[in-house]
Amino acid sequence: MSAVPSDSPGTARVSEREARQVAEAAREQDWRKPSFAKELFLGRFRLDLIHPRPLPAADDVRRGEEFLARLRDFCETKVDGARIEREARIPDEVIDGLRELGALGMKIDTKYGGLGLTQVYYNKALALVGSANPAIGALLSAHQSIGVPQPLKIFGSQEQRDTYLPRLASTDISAFLLTEPDVGSDPARLATTAVRDGDSYVLDGVKLWTTNGVIADLLVVMARVPESEDHKGGITAFVVEADSEGITVEQRNAFMGLRGLENGVTRFHQVRVPAANRIGPEGAGLKIALTTLNTGRLSLPAMCVGAGKWSLKIAREWSAVREQWGRPVARHEAVGAKISFIAATTFALEAVLDLASQMADEDRNDIRIEAALAKLYGSEMAWLIADELVQIRGGRGFETAESLAARGERAVPVEQLLRDLRINRIFEGSTEIMHLLIAREAVDAHLKVAGDLIDPDKSLGDKAKAGARAGGFYARWLPGLVTGSGQLPRSYAEFNPNGYRDLSGHLRFVERTSRRLARSTFYAMSRWQGRMETKQAFLGRIVDIGAELFAMGAACVRAELMRDQDEFGREAYQLADVFCRQSRIRVEELFERLWKNTDSVDHRIVDGVLGGAYTWLERGIVDPSGEGPWIADASPGPSEYDNQHRPIR
């Protein structure tokens with residue numbers, strides 16, 4: 001890969017095409033297992049892939065519930081969320097207590113000393129502990145969802161698993177180091193290097209936003225191995241001891257939320273790492289990272305579900321006692337609509353999370369799109385829930401819990417919830433990146449048969465062959481988008497039991513709309529062809545429609561499961577019905593905006609802003625920002641800072 005110096009020292013400048021090639025090479029290219037969400041985007045509503053909804057094994061349930069009971073007691077008696085917020089740090093004794101509980105090994109197999117919880121119960125535990133304080137949830141998630149255990153579980157050697165997993169299950173905290181000061185979602189520009197030297201690699205570079213990095217004992221580090229005659233090179237993953245010579249935690253970062261987060265800046269200077277610590281072959285690092293995130297992303301919607309549940313509790317309790325104009329505020333329609341939204345959406349978020357988690361446990365389906373949709377939808381909807389809760393609480397929603405307590409009122413940390421949740425729309429793939437990632441996977445079938453037609457670098461012969469393939473595919477696929485079970489009044493009759501709300505109509509809507517979504521995608525590809533990838537706003541709306549349909553299907557399936565188990569079935573049907581009604585309105589609005597929008601004029605405004613045409617609009621203010629570069633210098637070299645590394649022993 002060619003590289004020239006960029007404006008940010010130590011970082012390579014690469015073309016847009018090169019960046020896409022790196023990302024594409026790291027993708028899982030094949031679909032070896034069925035995917036409910038992939039089929040949904042192709043206009044095929046495969047209800048059979050999610051209904052009857054799979055259930056966890058009885059022993060998994062027993063072990064999971066036993067651990068949740070212990071964890072709940074710990075959270076209620078040992079965790080002081082207000083103290084963590086006030087001191088901006090999780091007390092060492094809390095982390096030690098989590099170790100004693102076995103919380104560091106929730107997802108690690110019992111043969112390595114872990115608890116061996118399923119994905120379903122791991123996520124329930126994150127929702128629980130995250131409700132006590134989100135920083136604790138972030139610590140446990142970063143350690144197990146994307147830290148050392150998960151990459152080793154999937155890609156590590158048996159020797160690596162035997163060496164590190166027992167430590168990680170009981171004592172050691174891990175962190176995942178990919179992001180750099182000038183490298184976010186574009187890994188092609190990764191600057192940290194790992195140069196082979198005998199039986200070791202020598203690491204040099206700087207990593208930013210290293211969650212758990214300040215207190216970690218073991219690190220997963222992504223670094224670029226230079227290509228040579230004897231080495232394939234490329235982005236490569238390594239397990240690195242955090243106390244290795246040459247590693248300096250230069251700063252513990254502070255944020256608007258998650259104040260207890262142990263997140264830092266880590267510099268590597270001539271750090272020697274044994275070749276035996278490489279995870280997988282050279283060049284497989286980005287694929288390892290992306291594969292790890294397939295299920296790792298489910299930790300964020302887990303904590304979003306916990307936030308939704310807490311928001312519903314506070315909204316219910318507060319709105320019943322707060323009176324305005326002679327009656328509780330919950331009885332005023334404007335507030336009641338917000339409460340309905342919070343309740344229905346929380347039900348749907350949990351349905352999406354549980355469904356995706358159980359699918360991950362069963363491993364019968366490819367859930368790369370489902371997990372990404374759960375992360376995208378959970379983070380966006382939880383933010384809206386928290387914002388509505390602030391509005392319901394009014395001025396008290398804007399006031400800190402500490403201030404409320406100081407004047408004698410219940411210390412309800414609503415404003416903290418809003419601050420803590422905001423990062424979820426950025427963590428582990430921003431909303432914008434998730435839109436593009438999901439859209440790429442959603443149109444994968446089209447690109448496989450017609451991709452060469454729109455590739456300017458392909459020869460006429462290649463284009464002719466692609467045209468033939470595309471003709472055959474679309475001759476079979478397009479007729480299936482005309483009619484379907486969503487047009488038959490009696491379809492999905494099992495979702496219309498006597499005495500319950502009728503959910504069958506919502507599933508018929510999902511089926512019809514899935515075909516409509518596929519037709520819209522096909523029309524857009526026909527219209528824009530190679531320019532389709534630049535239509536990010538359009539693709540974002542396509543993905544958002546798919547997310548709503550996925551959530552509707554999950555909500556209906558969960559309601560039917562609860563009815564079948566005689567567990568609040570009637571109430572579940574009510575919540576699913578209301579959620580689907582609200583979701584259908586959002587879907588219709590998104591379809592309207594597919595073709596009626598301001599995308600083209602927005603582009604012209606952006607050109608004007610960047611060209612300085614509107615600088616007059618910025619007059620009349622002062623800029624309180626401090627001096628300094630937009631992006632810190634990440635040039636390799638020895639550290640000039642004191643080491644902030646603080647392992648908890």
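Nothing here was measured: the structure is a model prediction, and the numbers come from that model.

### Comments concerning helix 10 (residues 285–296)
Thinking step 1. With 12 residues, helix 10 should reach 16 Å at 1.5 Å per residue; the first-to-last C-alpha distance of 16 Å fits that figure.
Thinking step 2. Most of helix 10 sits inside the fold, with 10 of its 12 residues counted as buried.
Thinking step 3. If you check which residues of helix 10 are buried, you get Gly285, Leu286, Ile288, Ala289, Thr291, Thr292, Leu293, Asn294, Thr295 and Gly296.

### A short note on the packing of helix 6 (residues 119–132) against helix 12 (residues 333–362)
Thinking step 1. Direction vectors running N to C along helix 6 and helix 12 enclose 140 degrees, while the axes themselves pass 7 Å from each other. In terms of their interaxial angle, helix 6 and helix 12 are classed as oblique. Between helix 6 and helix 12, the contacting residues are Gln119, Val120, Asn123 and Lys124 on the first element and Leu353, Asp354, Ser357, Gln358, Ala360 and Asp361 on the second.

### Points about the side chain of Asp172
Thinking step 1. Here Asp172 shows up in the loop between helix 9 (158–170) and strand 3 (174–177).
Thinking step 2. A relative accessible area of 5% means that Asp172 is categorised as buried.
Thinking step 3. Separated by 2.7 Å, the side chains of Asp172 and Arg167 make a polar contact.
Thinking step 4. Within the structure, the side chain of Asp172 is placed 2.9 Å from the side chain of Thr171, a separation counted as a polar contact.

### Looking at helix 16 (residues 414–422)
Thinking step 1. Along helix 16, 8 of the 9 residues are buried, which leaves the element largely enclosed by surrounding structure.
Thinking step 2. Turning to helix 16, its buried residues are Val414, Glu415, Gln416, Leu417, Leu418, Arg419, Asp420 and Leu421.

### Quick word on the nonpolar core
Thinking step 1. Core analysis: the largest hydrophobic core is formed by 127 residues, its most contacted members being Leu71, Ile136, Leu140, Leu373, Phe495, Leu549 and Phe579.
Thinking step 2. In terms of residues, this core owes the most to one element, helix 21 (residues 536–564), which gives 16 residues.
Thinking step 3. If sequence neighbours within four positions are ignored, Leu549 has contacts with Leu40, Phe509, Val510, Thr513, Ser514, Leu517 and Val587.
Thinking step 4. Core analysis: the next-biggest nonpolar cluster, separate from the first, contains 24 residues, Phe176, Val220, Ile279 and Ala284 among them.

### A short note on the packing of aromatic side chains
Thinking step 1. As enumerated under the stated definition, the model contains 14 aromatic pairs in all.
Thinking step 2. Ring geometry for Phe473 against Tyr474: centres 5.0 Å apart, planes inclined by 75 degrees, an arrangement best described as edge-to-face.
Thinking step 3. Ring geometry for Tyr500 versus Tyr573: centroids 5.2 Å apart, planes at 65 degrees, classification edge-to-face. Residue Tyr500 is located in the loop between helix 19 (460–477) and helix 20 (504–528), and its partner Tyr573 is located in helix 22 (residues 569–595); the two are separated by 73 residues in the primary sequence.
Thinking step 4. Chaining the aromatic ring pairs together yields one cluster made of Phe36, Phe45, Tyr492 and Phe550.
Thinking step 5. Here the guanidinium or amino end of Arg563 rests over the ring plane of Tyr500, the centre of that ring lying 5.7 Å away.
Thinking step 6. In this arrangement the basic side chain of Arg570 is found over the ring face of Tyr500, its NZ or CZ atom lying 4.5 Å from the centre.

Basis of the calculations
- Residues numbered from 1 in each chain as written.
- Predicted model: local features only at pLDDT ≥ 70, side-chain atom pairs only at ≥ 80, totals over all residues.
- Heavy atoms only, no water.
- Helix = DSSP H or I, 4+ residues; strand = E, 2+ residues; numbered from the N terminus.
- Expected span 1.5 Å × (residues − 1).
- Buried < 20%, exposed > 50% of the residue type's maximum accessible area, 1.4 Å probe, protein only.
- Axes fitted to C-alpha atoms, helices over the stretch in contact; angles between N-to-C directions.
- Parallel < 35°, antiparallel > 145°, perpendicular 65-115°, else oblique.
- Contact = heavy atoms within 4.5 Å.
- Polar contact = N/O pair within 3.5 Å; in protein donor to acceptor, adjacent residues only side chain to side chain.
- Core = buried A, V, L, I, M, F, W, Y, C linked by side-chain atoms within 4.5 Å.
- Phe/Tyr/Trp six-rings, centres within 6.5 Å; stacked < 30°, edge-to-face > 60°.
- Lys NZ or Arg CZ within 6 Å of the ring centre and 35° of its normal.

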